[in-house]
Amino acid sequence: MPLRFFLIALLSVIAVVSGYFYAPWCAYCHTFEPIWHEVGAELKSMGSSVNVGKIDSTVHTSIASEFNIRGYPTIKLFKGELSFDYKGPRTKDAIIEFTNRVSGPVVRKLSSVQLFQHVMSRHDLIFVYIGGESLLKKEYYKAATEYIVHTYFFTASEEVLPKAVTLQDVPAVAVFKDRTYYLYNEFLDGDLSFWINRERFPSYFQIDSFSLYQMGELSNDYQFGFMDGNEYINGLIMGEVEMPSIIVLNMTIDGYCLPESKIETIEDLLRFLNSVLDGRAKLLGGNGFLQHSKRSLYKAKSTVVSMFQAAPFFSCFVFGLPVGIVGLVIWGTCTAVPADDEKPVEGATASPVLDARGKKPIELQPNSTEKNEEAKKED
């Protein structure tokens, strides 16, 4: 039995497990570690059945290989024979919300009008299946299993729906968002999974049906999102990105692709995304030692520049004080007089040095033969 299936079987017997794969040398893992501890503590205080743990990929290499771990930290939730990847914000609240959503039933039942209204007040977008057993229900559950990592899926009877909802036929699938609802039509909307994907993402472009289908296909390879600000991207590419811009990120290796020309139409966007998939777009960045060193230097430089821009006088004091102290130490070391170079004071008499018998040694002078003979007689 492969290790992967053995591990999943073991975890499914214990409980639902949420864990992350890390490496001791990964700087992002060290930053994420306190957040992960907070996630585990809060889930435990909530009485959650989810067990929280972590796996060192450098020690358990076979497990990391079985689950195709490419970047760190990688967060996964194991539930029975299924595993779900978390790719959202690495914050405590976002991870707990993801864990509670995925660890529960894939499709939840709304049994009352009050419960339906409560769910509507808490979530901006939900999908609801209305009706009994059908082929559409099987497709709905299949799609919910795939997209539960992104949003919530419910089932309800006609009696608990808002009065404003008018169903043309049952069974039916509806999406509730933007204070209104839309019904799925298999003849006009095509595949249910594609329709769910389309409803998840807002339409930023006025595009034709073929381009819309292409975007739906690309959603299997990309996750679309936006950032309010360019600080993170600037640190990643070690440069300044104009806003607005479009960038493709490979979070597993900290790589990125930038469009070679300005994107103005949906055709330009599709061309760029397809060039990334087929390898024509140049992949930049990476998480090698050289790139980590460059990013560290860039972040240090950016921090110093921002400090001087925000508080120039305080920054001069902070950086000038240690530089001045070091300069004084160096100047004192260079100008100090060694002890061997000290000259004797004029007029001072040196104390005579005695030999081993306590007598003053006799100074020998050239051509002083008589003194030498007298010294011998005394001896």
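Every value quoted in this text rests on a predicted model; they were computed, and no experiment measured them.

Draft legend 1. Quick peek at the layout of surface pockets. In this structure, the second largest pocket encloses a volume near 370 Å³. Surrounding the second largest pocket, 15 residues form its lining, Asp 169, Pro 171, Tyr 184, Asn 185 and Glu 186 being those nearest its centre. Elements with a minimum of two residues in the lining of the second largest pocket: helix H6 (135–147), strand S8 (172–177) and helix H7 (186–189). The leading source of residues in the lining of the second largest pocket is H6, at three residues. Partitioning the lining of the second largest pocket into residue classes produces nine nonpolar, three polar and three charged.

Draft legend 2. Region of the structure containing the packing of helix H2 (residues 27–45) against helix H4 (residues 92–103). Relative to each other, H2 and H4 sit at 45°, their axes nearing to 9 Å. Classified by the angle between their axes, H2 and H4 sit oblique to one another. Along this stretch, H2 crosses H4, giving a crossing that reads as right-handed. Taking contact as the criterion, the partners of Phe 32, Ile 35, Trp 36, Glu 38, Val 39, Glu 42 and Leu 43 in H2 are, on H4, Lys 92, Ile 95, Ile 96, Thr 99 and Asn 100. Partitioned by chemical class, the residues of the contact of H2 with H4 number seven nonpolar, two polar and three charged.

Draft legend 3. Region of the structure containing the packing of aromatic side chains. Across all of its chains, the model carries 14 aromatic pairs by this definition. Residues Phe 21 and Phe 67 carry aromatic rings whose centres are separated by 6.2 Å and whose planes lie at 45° to one another, so their mutual orientation is tilted. With Phe 21 in strand S1 (residues 17–22) and Phe 67 in the loop between helix H3 (61–66) and strand S3 (74–79), this residue pair connects regions lying 46 residues apart in the sequence. By the burial criterion, Phe 21 is buried, and Phe 67 matches it.

Draft legend 4. Molecular detail of a nonpolar patch on the surface. A contiguous nonpolar surface patch, about 720 Å² in accessible area, is contributed by Val 304, Phe 314, Phe 317, Val 318, Phe 319, Leu 321, Ile 325 and Val 329. The element that contributes the greatest number of residues to the nonpolar patch is helix H13 (residues 312–335), accounting for seven residues. Mapped onto the fold, Phe 319 is located in helix H13.

Draft legend 5. Representation of the confidence of the model for the chain within the structure. This prediction gives the chain a mean pLDDT of 75; 72% of its residues lie at or above 70. This model gives residues 1–15 a pLDDT under 50, and the stretch forms 18 contacts once residues within four places in sequence are excluded. In the model, residues 203–210 has pLDDT below 50 throughout and makes six contacts with residues more than four positions away in sequence or in other chains.

Draft legend 6. Summary view of the nonpolar core. Counting residues in hydrophobic clusters, the biggest one holds 31 residues, and the most contacted among them are Phe 127, Tyr 140, Phe 153, Val 173, Leu 192, Trp 195 and Ile 196. Taken together, the elements giving at least two residues each to this core come down to H2, S3, strand S4 (82–86), H4, strand S6 (125–130), H6, S8 and helix H8 (192–200). With sequence-adjacent residues up to four places away left out, Phe 153 is seen in contact with Val 106, Val 107, Arg 108, Phe 127, Tyr 140, Ala 143, Ala 144, Tyr 147, Ile 148 and Ile 196. Counting 14 residues, the second largest nonpolar core, distinct from the first, contains Ile 126, Ile 130, Phe 154 and Val 165.

Draft legend 7. View of the sheet that holds strand S11 (residues 255–257). Across the sheet, which stays open at both edges, the three strands sit in the order S10-S11-S12 with antiparallel pairing between neighbours. The sheet is open, and its two edges are formed by strand S10 (248–250) and strand S12 (284–285), each paired on a single side. Bridging between S10 and S11 involves three bridges; their strand directions are antiparallel. Directly across from Val 248, in S11, lies its bridge partner Cys 257.

Draft legend 8. Quick peek at the sheet that holds strand S9 (residues 180–183). Strand order in the open sheet made by the five strands is S5-S7-S6-S8-S9, with mixed pairing throughout. Each end of this open sheet is capped by a strand with a single partner; those strands are strand S5 (108–110) and S9. Neighbour to neighbour, the strand axes of the sheet diverge by 30° on average, direction disregarded. Strand direction decides the pairing type here: S6 and strand S7 (residues 152–156), joined by five bridges, are parallel. Counted as the bridge partner of Ile 130 is Ala 156 from S7. Packed onto the sheet, helix H5 (residues 113–122) meets S5, S6, S7 and S8 and runs at close to 120° relative to S5.

About the thresholds
Residues numbered from 1 in each chain as written. Predicted model: local features only at pLDDT ≥ 70, side-chain atom pairs only at ≥ 80, totals over all residues. Heavy atoms only, no water. 1 Å grid on protein atoms, 1.4 Å probe; cavity = no way out; pocket = protein on both sides within 12 Å on 5 of 7 lines; lining within 4 Å. Points joined across faces, edges and corners; volume = space filled by probe spheres on them. Helix = DSSP H or I, 4+ residues; strand = E, 2+ residues; numbered from the N terminus. Nonpolar A, V, L, I, M, F, W, Y, C, P; charged D, E, K, R; others polar. Axes fitted to C-alpha atoms, helices over the stretch in contact; angles between N-to-C directions. Parallel < 35°, antiparallel > 145°, perpendicular 65-115°, else oblique. Left-handed = near helix turned anticlockwise from the far one by under 90°. Contact = heavy atoms within 4.5 Å. Phe/Tyr/Trp six-rings, centres within 6.5 Å; stacked < 30°, edge-to-face > 60°. Buried < 20%, exposed > 50% of the residue type's maximum accessible area, 1.4 Å probe, protein only. Patch = residues over 30% accessible without salt bridge, like charges linked within 9 Å, V, L, I, M, F, W, Y side chains within 5 Å. Areas by Shrake-Rupley, 256 points an atom, 1.4 Å probe, with all protein chains shown as cover. Salt bridge = Lys/Arg side-chain N within 4 Å of Asp/Glu carboxyl O. pLDDT = per-residue confidence, 0-100. Core = buried A, V, L, I, M, F, W, Y, C linked by side-chain atoms within 4.5 Å. Pairing = 2+ DSSP bridges.

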